[in-house]
Amino acid sequence: MSSASPPPTREFTNPPNYQFPTHRLARVLRNPDKQPLVLVACGSFSPVTYLHLRMFEMAKDYVRQNTDFEIVAGYLSPVSDQYKKPGLLSAHHRVNMCNLAAEQTSQWLMVDPWEAFQSYQRTAVVLDHFDYEINTKLGGVETPDGTRKPARIMLLAGSDLIATMSEPGVWSEADLDHILGRYGVLIIERAGADMDQAIDSLSRWRHNIHLIHQLVQNDVSSTKVRLFLRRGLSVRYLLPAPVVDYIEEHGLYKDDGPNATAASGAIAAEKEKGKEKEASTSSAAS
């Protein structure tokens, strides 16, 4: 696959005291013939579940067996509190739980709080942020002979996201082209999801959409976990133990408010941002 084009020129607003996490980013490629790849999962992570973490492991297997990439990092990017999702837990707690999950159950995953602690950022902008931090500021990834290669940034998501992308009017055409055309996406199928129709409607970017089948079906979701917690049921072994302990210690999710899925939150947020973008474009043209 070809290398990514030069990163777009963009200025980013960072939250107070922000530092991009690099402590698990591989700085040198093991195989100089491979292209470095960074996986980014955006979402509520309210709370983070074992399926969120398994998505990275499934993607890792897929990439190793089917592509010319070498994964150098994986990031969870929790969404801002301004995601417009009913019952969304504060970014403070969600970032803490993601950090507990990544640091105590994985040797290569990290949590980037850039998106969480500021105003809502479109997915396209979040991917640009990773491109900027890793390729512009850090200069990409070094090869064993000392040369450097730009890292490819790719979105990692469940099939519910690709379903919203195929719905007319949810995502702007410009953002779809930016996400799917420039970066690409690895999609983990969800149990019972029919992906064929969604993929067909996005056929112009088919070469950058990688569909990963679950060999062991797992339909654990944050929505179901929150429902269990509201009903006083155990969620152990659905979430990493440190996350369960954190939830119990802070008494979280006892009253989650109206039920809502991550996909519905994404639809509302992207629609609103799409309208803002169109309004700003119209103003600039007038």
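All values derive from a computational prediction rather than experimental measurement.

Digging into the nonpolar core
- Ranked by size, the top nonpolar core spans 43 residues in total, and within it Val48, Leu76 and Met97 carry the most contacts.
- Ranked by residues supplied to this core, first place goes to helix H1 (residues 50–66) with eight residues.
- In this structure, leucine 76 is in contact with Ala41, Phe45, Val48, Phe56, Cys98, Ala102, Leu109, Met110, Val111 and Asp112, ignoring residues within four places of it in sequence.
- In terms of nonpolar packing, the next biggest core, distinct from the first, is built from 41 residues, Phe20, Phe130, Ala151 and Ile179 among them.

Some remarks on the packing of aromatic side chains
- Overall, the coordinates contain seven aromatic pairs when judged by the stated rule.
- For the pair tyrosine 83 and tyrosine 120, a centre-to-centre distance of 6.1 Å together with 25° between the ring planes defines the contact as stacked. In this pair, tyrosine 83 is assigned in the loop between strand S2 (69–78) and helix H2 (91–105) and tyrosine 120 in the loop between strand S3 (109–111) and helix H3 (123–137), connecting sequence segments 37 residues apart. Of the two residues examined, tyrosine 83 and tyrosine 120, each falls in the buried class.
- Counting every residue linked through ring pairs, the aromatic cluster contains Phe12, Trp114 and Tyr132.

Quick word on the confidence of the model for the chain
- Mean pLDDT over the chain stands at 87; residues scoring 70 or higher make up 84%.
- This stretch, residues 258–267, has a pLDDT under 50; its non-local contacts, to residues over four places away or in other chains, come to 17 contacts.
- Predicted confidence for residues 278–286 stays below pLDDT 50, and this span has zero contacts to residues more than four positions away or in other chains.

Observations regarding the side chain of histidine 93
- Inspection of the secondary structure puts histidine 93 in helix H2.
- Residues in contact with histidine 93, not counting those within four places in the same chain, are Tyr246, His250 and Leu252.

Observations concerning the sheet that holds S3
- Strand order across the open sheet formed by six strands is S3-S2-S1-S6-S7-S8, with parallel pairing between neighbours. One side of each edge strand has no neighbouring strand; the edge strands of this open sheet are S3 and strand S8 (209–212). Taken pair by pair, the neighbouring strands of this sheet meet at an average axis angle of 25°, ignoring direction.
- In this structure, strand S7 (residues 185–188) lies alongside S8, joined through four bridges in parallel fashion. Bridge pairing in S8 links isoleucine 188 to isoleucine 212.
- Of the strands in this sheet, strand S1 (35–43), S2, S3, strand S6 (152–158), S7 and S8 are in contact with H1, which crosses S2 at around 160°.
- Together, S2 and S3 form the strand contacts of H2, whose direction differs from that of S3 by roughly 165°.

Rules used throughout
- Residues numbered from 1 in each chain as written.
- Predicted model: local features only at pLDDT ≥ 70, side-chain atom pairs only at ≥ 80, totals over all residues.
- Heavy atoms only, no water.
- Core = buried A, V, L, I, M, F, W, Y, C linked by side-chain atoms within 4.5 Å.
- Buried < 20%, exposed > 50% of the residue type's maximum accessible area, 1.4 Å probe, protein only.
- Helix = DSSP H or I, 4+ residues; strand = E, 2+ residues; numbered from the N terminus.
- Contact = heavy atoms within 4.5 Å.
- Phe/Tyr/Trp six-rings, centres within 6.5 Å; stacked < 30°, edge-to-face > 60°.
- pLDDT = per-residue confidence, 0-100.
- Pairing = 2+ DSSP bridges.
- Axes fitted to C-alpha atoms, helices over the stretch in contact; angles between N-to-C directions.

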